[in-house]
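Next come the chains, spelled out residue by residue.
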Amino acid sequence: MSKPDAINADEMGHALGLLVHDLRNPAATITANVDFLQEVGVADTDSVEALQDVKLAVGELRRGLDMVAWISRWFVGQVPLEAANGDVGVFLERLERADTPVPVKVEVASDGQLYARGAQVAVEVVDLLLHNTRANVAEPSAVVRVRQDADRVVIEVEDSGEAIAPELRPSAFTLEGQKALKGRADGRYSRFIGLFAAAVVLDGVGGKIEADGRSGAAIFRIRLQGARPTRPPDD
């Protein structure tokens, strides 16, 4: 079978969507069986640890399937992830009380309007970037900053790892750029082509992502469109 000259984006999106659907079923089955075995108990410590490893691995698989689902919807022109507008600061402050991939400190500007279009998307993308920190930083932790910049709400995720090399930044969030990131400490590749997935899901709400910083102070910067707060209905 010869290699196709070009692949139709709609066909690719539908094919990826089918793959996600088909893979979710066995992933759910594995999770259910691991839960059952943990509930009834196993005989030795090694078996307990093995089951926990399986559960963590399946959790990663399901996280990857979510990203592929975003990409498949984007290919066919759908919004990758439906997300409500809201106060980005309120959403992200909760990270300090949540089970995050790495320890995180959240700094929210006290002035400015932090209400943004698709604000809940920020939580998904920041979680993705915290996984990137865990995979690429020796002693991983991160600071998340939220502020207003003109008509945008800006979120910065900073860690002590290598920043993406300047020559890689223009393509770091594109599909074709993922191959160049892989295998470079200053590429900050994210599993499941995560940086491309981040750009895709942000595109669905009119947002953008960029890389900045230097070695020891790597920065990912998210820009969301500002939105007007919704007023509750009058009594």
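This section reports on the structure supplied with the text. Please read all numbers here as calculations on a predicted model, not as lab measurements.

**Remarks on the side chain of Thr31**
Mapped onto the secondary structure, Thr31 falls in helix α1 (residues 9-40). Thr31 gets classed as buried once you look at its relative accessible area, which sits at 18%. Not counting chain neighbours up to four residues away, the residues in contact with Thr31 comprise Val58 and Arg62.

**Description of the packing of α1 against helix α2 (residues 45-75)**
With their axes 8 Å apart at the nearest point, α1 and α2 run at an angle of 160° to one another. By the angle class used here, α1 and α2 are roughly antiparallel. Here α1 and α2 pass one another in a crossing that is left-handed. Taken together, the residues of the contact of α1 with α2 break down into 19 nonpolar, six polar and six charged.

**Overview of the environment of Met67**
Inspection of the secondary structure assignment puts Met67 in helix α2. With 131 residues separating them along the chain, Met67 and Ala198 place their C-alpha atoms 8.3 Å apart. If we ignore the near neighbours within four places in the chain, the residues touching Met67 are Leu128, Arg191, Phe192, Gly194 and Ala197.

**A short note on helix α6 (residues 194-203)**
Across the ten residues of α6, eight count as buried, placing the element largely inside the fold. The set of residues buried in α6 consists of Gly194, Leu195, Phe196, Ala197, Ala198, Val200, Val201 and Leu202. Where α6 is buried, its residues touch α2, α4 (119-136), α5 (178-181), β6 (208-214) and β7 (217-225).

The rules behind the values
Residues numbered from 1 in each chain as written. Predicted model: local features only at pLDDT ≥ 70, side-chain atom pairs only at ≥ 80, totals over all residues. Heavy atoms only, no water. Helix = DSSP H or I, 4+ residues; strand = E, 2+ residues; numbered from the N terminus. Buried < 20%, exposed > 50% of the residue type's maximum accessible area, 1.4 Å probe, protein only. Contact = heavy atoms within 4.5 Å. Axes fitted to C-alpha atoms, helices over the stretch in contact; angles between N-to-C directions. Parallel < 35°, antiparallel > 145°, perpendicular 65-115°, else oblique. Left-handed = near helix turned anticlockwise from the far one by under 90°. Nonpolar A, V, L, I, M, F, W, Y, C, P; charged D, E, K, R; others polar.

Nothing here speaks to function; it is all geometry.
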